[in-house]
Amino acid sequence: QVQLVESGGGLVQPGGSLRLSCAASGSIFAISSMSWHRQAPGKQRELVATVTSGGVTTYVDPAVQGRFTISRDNAKNTGYLQMNSLKPEDTAVYYCRISRNLRDYGWGQGTQVTVSS
């Protein structure tokens, strides 16, 4: 019903930037909330940020506050995570998810972000 494809990850040096994309298929993206999550090796998957269907940010993990920005373009059925001032501890697989009426859709395949010098 809903497919999510994350992209934009890669290898970057500390202090660098990346922009992740979440391309959604289906008819409900524009009326759904969207979130980004990440999972480092051997650790729990954690919530990074959330945004409402109208583009209002409702949560940002304190660990990334001031460095990451969540956004969306409903006309393109795509969500974004702008990641600045990257740190080695940001290394993880990043996933997106959409939610509507308390129902969650996803996960996509994830995109690997590696921050290393």
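Let me sum up the structure you'll find in this document. Owing to the predicted nature of the structure, the values given are computational and were not obtained by experimental measurement. (Residues numbered from 1 in each chain as written. Predicted model: local features only at pLDDT ≥ 70, side-chain atom pairs only at ≥ 80, totals over all residues. Heavy atoms only, no water.)

**Section: the pattern of salt bridges**
When the charged atoms of two side chains with opposite charge come close together, those side chains can pair.
Turning to step 1, where the next piece is worked out: What the rule picks out here adds up to four salt bridges.
Turning to step 2, where the next piece is worked out: For Asp90, the salt bridge goes to Arg67, with nearest N and O atoms at 2.7 Å. Note that Asp90 is positioned in the loop between strand 8 (78–83) and strand 9 (92–100) and Arg67 in the loop between strand 6 (57–60) and strand 7 (68–73), a separation of 23 residues in sequence. Neither Asp90 nor Arg67 differs from the other in exposure class; each is buried.
Turning to step 3, where the next piece is worked out: A salt bridge links Arg97 to Asp104; the shortest N-O distance between them is 3.2 Å.
Turning to step 4, where the next piece is worked out: Judged by relative accessible area, which is 43%, Asp104 ranks as partly exposed. (Salt bridge = Lys/Arg side-chain N within 4 Å of Asp/Glu carboxyl O. Helix = DSSP H or I, 4+ residues; strand = E, 2+ residues; numbered from the N terminus. Buried < 20%, exposed > 50% of the residue type's maximum accessible area, 1.4 Å probe, protein only.)

**Observations regarding the side chain of Thr111**
Turning to step 1, where the next piece is worked out: Within the secondary structure, Thr111 sits in strand 11 (residues 111–115).
Turning to step 2, where the next piece is worked out: Setting aside its immediate chain neighbours within four residues, Thr111 contacts Glu6, Ser7, Gly8, Gly9, Leu20, Ala92, Val93 and Tyr94. (Contact = heavy atoms within 4.5 Å.)

**What about the sheet that holds strand 7?**
Sheets are built from strands paired through backbone hydrogen bonds, the pairs being either parallel or antiparallel.
Turning to step 1, where the next piece is worked out: The sheet built from four strands is open, its strands ordered 1-3-8-7 with antiparallel pairing. One side of each edge strand has no neighbouring strand; the edge strands of this open sheet are strand 1 (3–7) and strand 7. Neighbour to neighbour, the strand axes of the sheet diverge by 15° on average, direction disregarded.
Turning to step 2, where the next piece is worked out: Two elements, strand 3 (residues 18–25) and strand 8, share six bridges in a ladder whose sense is antiparallel. Each bridged residue has a counterpart across the sheet, and for Leu18 the counterpart in strand 8 is Met83. (Pairing = 2+ DSSP bridges. Axes fitted to C-alpha atoms, helices over the stretch in contact; angles between N-to-C directions.)

Such coordinate-based values are descriptive only and should not be taken to indicate function.
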